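Letter by letter, the chains look like this.
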Amino acid sequence: MDFLDGENTVEKMLIKHGVKDKRPVSGTLELTPLCNMNCDMCYVHLSNEEMNRLGKILDIDEWFDLANQLEKAGVLFIMLTGGEPLLFPGFKELYLKLKRMGMVITVNTNGTLIDEKWAAFFGENKPRRINITLYGNDEKTYHDLCHYPGGFEKTVRAIKLLKDHGVKVKMNGSVTKANFDQIDDMYRIAQELDVPLHMDTYMLPGLKDRFKAFEEQSRLSPEDVAQARIKVLKNELGDEVFLSYVDSMLMKVKQQCNYGCGIECQAGNSSFMINWQGLMKPCVSLFTPAVDVFKTGFENAWKQIVTESKELKINEKCAQCKLRPLCNTCVATANWETGSFTEIPEYCCKEAKEMLRLLLLEKNNNQ
């Protein structure tokens, strides 16, 4: 999970033991599906009307009850997300309760709601980190992609305010058709703000995009995803380390190891997510398994998630494919792309093939 990026030695040890013992060490709490933005590629955001048709949002007392269960279960790392989590009416109360319990908190936000008062609150009650999403390098992108005029200026202001209050900030981004040509410029902005940036190049089909023809979707073509990955890697690694990465990945492809068919990340092994309706899932990208944590209780819900997560498998051909080290395929992506865990996601195949071609090109150009 992103909120454990850069974990220290103690944290790594806790995660390792959590995976070994199948105990919940980290979790994501999706406080609300509501957001002040309306991004084309989002796979969480709902309008008020859509949310009300699906059920009511959990109230602060229900989250408090859940927090007590998390503490009893030994959960240590918590990410608060949404939608836009700062829109949740009881955000500060829940945040402070979790912090008093000794939990290490990360917040995912678009940043546009953070003013001096919010920055001062986080400065006085510091999280592990606040992740702020950067959607582009100008107001036009925020208007066209997020349908939120003025969002770029508000995001940059939020980052500066949080830094002024001593809060650790990281920027995240998702590469889309709207900002594909802005990647290098977005890393330049991050450098100017002295804040790390990581951009995800593969995107799940958004709620709005999922049933559209690909040409109408906001995400990139598989070939452009590979191009974007190369740009991102060069920006994040630097020239020398990037060339080492090229050699390493080409060696992994050559070795052609079997990577297994099951879940290989922490999802359902030591981590979980609970959505705004109180459903526990292995991760934010999976619809199933899903267990009502209030009807079942946290511990029983966790045991059920662990058991059912073990049954999720990708196609054996994917596990044995020589391009597996370059591929984004997992049970979640396979399901989103094809509607089945075991179908082969051709989108990911095309991206991996193009990634191999580009890596070989980089290798040849630097010999």
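The structure presented is a predicted model; accordingly, all values stated were derived computationally and were not measured.

A. Structural view of the nonpolar core. Membership of the largest hydrophobic core comes to 94 residues, with the highest contact counts inside it found for Leu29, Phe91, Phe122 and Phe298. Counting residues per element, this core draws most heavily on helix H9 (residues 222-255), at 12 residues. For Leu29, the contacting residues outside a window of four places in its chain are Trp63, Leu66, Leu70, Ile78, Met79, Leu80, Thr81, Leu98 and Ile274. Of all hydrophobic cores here, the second largest spans 11 residues; its members include Cys261, Ala267, Leu286 and Val331.

B. Geometry of the pattern of salt bridges. Using the criterion set out here, one finds 11 salt bridges in the structure. In this structure, the salt-bridge partner of Asp185 is Arg188, at a minimum N-O distance of 2.5 Å. Of the two residues, Asp185 and Arg188 both sit in helix H8 (residues 183-193), 3 residues apart, roughly one turn of that helix. Its relative accessible area of 24% is what places Asp185 among the partly exposed residues. Since its relative accessible area comes to 35%, Arg188 is described here as partly exposed. Residue Lys234 pairs with Glu362 through a salt bridge whose shortest N-O separation is 2.9 Å. In this pair, Lys234 is assigned in helix H9 and Glu362 in helix H14 (residues 346-365), connecting sequence segments 128 residues apart. Classification of Lys234 as partly exposed rests on a relative accessible area of 35%. Through salt bridges that share partners, Asp185, Arg188 and Glu192 make up one connected network.

C. Summary view of a nonpolar patch on the surface. Residues Val10, Met13 and Leu14 make up a contiguous nonpolar surface patch of roughly 250 Å² in combined accessible area. Take Met13: it is sitting in helix H1 (residues 9-21).

D. Focus on the packing of H8 against H9. Two numbers describe how H8 lies on H9: the axes approach to 10 Å, and their chain directions differ by 25°. Relative to H9, the element H8 lies roughly parallel. When the axes of H8 and H9 are compared, the crossing they make is right-handed. In this structure, H8 uses Ile183, Asp184 and Tyr187 to contact H9, whose residues at the interface are Ala228, Lys231, Val232, Asn235 and Glu236.

Parameters and conventions
Residues numbered from 1 in each chain as written. Predicted model: local features only at pLDDT ≥ 70, side-chain atom pairs only at ≥ 80, totals over all residues. Heavy atoms only, no water. Core = buried A, V, L, I, M, F, W, Y, C linked by side-chain atoms within 4.5 Å. Buried < 20%, exposed > 50% of the residue type's maximum accessible area, 1.4 Å probe, protein only. Helix = DSSP H or I, 4+ residues; strand = E, 2+ residues; numbered from the N terminus. Contact = heavy atoms within 4.5 Å. Salt bridge = Lys/Arg side-chain N within 4 Å of Asp/Glu carboxyl O. Patch = residues over 30% accessible without salt bridge, like charges linked within 9 Å, V, L, I, M, F, W, Y side chains within 5 Å. Areas by Shrake-Rupley, 256 points an atom, 1.4 Å probe, with all protein chains shown as cover. Axes fitted to C-alpha atoms, helices over the stretch in contact; angles between N-to-C directions. Parallel < 35°, antiparallel > 145°, perpendicular 65-115°, else oblique. Left-handed = near helix turned anticlockwise from the far one by under 90°.

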